[in-house]
Amino acid sequence: MTKTILITGASTGIGQATAEWFFERGWNVAATMRSPESHPAADRSDSRWLTCRLDVTDPKSIASALQEALSRYGRIDVWVNNAGYGLSGTLESATEQQIQRQFDTNVFGLIRCTQAILPHFRNQKSGTLINVSSMGGRLTFPLYSLYHATKWAVEGLSESLQFEVRPLNIRVKIIEPGPIRTDFYDRSADFCHNRGFTEYNELVDQAVRTYQKAGEHGQPPEVVARVIWKAARDRSWKLRYPAGRDARILLTLRSLLPNRLYQAVVRSQVFGRTRLR
Ligand SMILES: NC(=O)c1ccc[n+]([C@@H]2O[C@H](COP(=O)([O-])OP(=O)(O)OC[C@H]3O[C@@H](n4cnc5c(N)ncnc54)[C@H](OP(=O)(O)O)[C@@H]3O)[C@@H](O)[C@H]2O)c1
């Protein structure tokens, strides 16, 4: 029987690459996005491809995308919570609205989607929930405190949830990408820094330069699509899947090095030879 995957945030980047990866390998794909009308090229004239509107901050759109996918394909085998973006900058510069939006998308949005699909997986007596976290869900870098807070939340939620749903034959998988060349670093990014807080300016300028380079040298999103492909078909109960070269190296270092040493490595990576190190 043809398997079905539903992906959130499939308009660009990792979500789009994942949708294409599964489609090319014979799966039914429900590629969901906030504004399908802005991505007419995303649509394939094929019954195995369904584009539908899903904004993770809008519960009605989640329910109707789920309904649309179920009426077309009858079942969903894999649901990928991928939609998300990064807010970076100095914590004290972030507005209430920026903080709310970051959590509403990366955490509450993911929870809304998870609550929507679980009853279906429960009735079906099977299903795989894949949450796209980040290597930044288990380690941290300067200026990303709020983004990290959301991804650490995703990790904690997923790790606890797997105990709860494993007896129902529902798998939970966490994908942890390193730097990937997508819109994450420009179009999708949000930033907060008040230049009036002059004490931070040098640190902010240096870190922003480092992150721009990291984004430019990131790996292509297909690297993550391939890991999602593996996680979706893996019959094991493995929970975490680092994705990409940097994620594998840094997460290994993080688990081996004592905190103080690990933090020195991060400072030298982000601040280079400057006095901030
Ligand atoms: N790129 C990296 O280096 C990296 C590393 C680790 C983790 N990640 C994670 O990977 C995931 C995908 O990011 P990406 O790198 O592929 O970046 P991207 O190209 O910017 O894709 C982000 C996707 O999320 C969608 N999105 C944002 N807010 C949404 C909402 N409220 N409802 C539905 N969709 C929404 C965007 O839709 P629009 O087109 O409508 O904006 C877009 O499709 C994110 O969760 C990100 O945190 C990325």
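Residues numbered from 1 in each chain as written. Predicted model: local features only at pLDDT ≥ 70, side-chain atom pairs only at ≥ 80, totals over all residues. Heavy atoms only, no water.

Caption draft 1: Molecular detail of the pairing of strand β3 (residues 49-53). Most of β3 sits inside the fold, with four of its five residues counted as buried. For strand β2 (residues 28-33) and β3, the ladder comprises five bridges, and the chain directions are parallel. Across the sheet, the residue bridging to T32 is C52, located in β3. (Buried < 20%, exposed > 50% of the residue type's maximum accessible area, 1.4 Å probe, protein only. Helix = DSSP H or I, 4+ residues; strand = E, 2+ residues; numbered from the N terminus. Pairing = 2+ DSSP bridges.)

Caption draft 2: Spotlight on helix α1 (residues 13-24). Taking 1.5 Å as the rise per residue, α1 with twelve residues should run 16 Å; its terminal C-alpha atoms sit 17 Å apart, in good agreement. Among the twelve residues in α1, nine count as buried, and that is most of the element. Residues of α1 that are buried: G13, I14, G15, A17, T18, A19, W21, F22 and F23. Structurally, α1 contributes buried residues whose contacts are with β1 (4-7), β2, β3, β7 (170-177) and α6 (222-233). Phi turns positive, to about 95°, at G26, one or two residues after α1. (Expected span 1.5 Å × (residues − 1). Contact = heavy atoms within 4.5 Å.)

Caption draft 3: Expanded view of the site of the ligand. Close contacts around the ligand come from 29 residues, with S11, I14, Y147, T182 and S188 the closest. Between the ligand and D55 there is a distance of 2.9 Å, counted from a nitrogen atom to a side-chain nitrogen or oxygen. With the chains in place, 97% of the 890 Å² that the ligand exposes on its own is no longer accessible. For the shell around the ligand, the secondary-structure elements that each account for two or more residues are α1 and α4 (145-165). Taken together, the residues that form the shell around the ligand break down as eleven nonpolar, 13 polar and five charged. (Near = heavy atom within 4 Å. Polar contact = N/O pair within 3.5 Å; in protein donor to acceptor, adjacent residues only side chain to side chain. Areas by Shrake-Rupley, 256 points an atom, 1.4 Å probe, with all protein chains shown as cover. Nonpolar A, V, L, I, M, F, W, Y, C, P; charged D, E, K, R; others polar.)

Caption draft 4: Region of the structure containing the environment of T114. Here T114 shows up in helix α3 (residues 96-124). Assessed through its relative accessible area of 6%, T114 is described here as buried. Considering only alpha carbons, one finds T114 and N81, 33 residues apart in sequence, at a separation of 8.0 Å. Aside from chain neighbours lying at most four places away, what touches T114 is N81, L129 and L161. Looking at T114, its side chain comes within polar contact range of the main-chain oxygen of L110, at 2.7 Å.

Caption draft 5: Broad picture of the pattern of salt bridges. Scanning all chains against the criterion turns up 13 salt bridges. Between R101 and D190 there is a salt bridge; the shortest N-O distance is 4.0 Å. Taken together, the residues span a long stretch of sequence, with R101 in helix α3 and D190 in strand β8 (residues 190-192) at a distance of 89 residues. A salt bridge links D246 to R245; the nearest nitrogen and oxygen atoms lie 3.4 Å apart. Classification of R245 as partly exposed rests on a relative accessible area of 41%. In the salt-bridge network here, residues are joined through shared partners; they are R138, E155, E159, E176 and R240. (Salt bridge = Lys/Arg side-chain N within 4 Å of Asp/Glu carboxyl O.)

Caption draft 6: Examining the packing of α3 against α4 more closely. Relative orientation of the contacting elements α3 and α4 amounts to 15°, with a least axis distance of 9 Å. As far as their axial angle goes, α4 and α3 are roughly parallel. Along this stretch, α3 crosses α4, giving a crossing that reads as right-handed. In contact with I99, Q102, F103, N106, V107, L110, I111, T114 and L118 of α3, α4 contributes L146, Y147, A149, T150, K151, A153, V154, L157, L161 and V165. Grouping the constituent residues of the contact of α3 with α4 by class yields 14 nonpolar, four polar and one charged. (Axes fitted to C-alpha atoms, helices over the stretch in contact; angles between N-to-C directions. Parallel < 35°, antiparallel > 145°, perpendicular 65-115°, else oblique. Left-handed = near helix turned anticlockwise from the far one by under 90°.)

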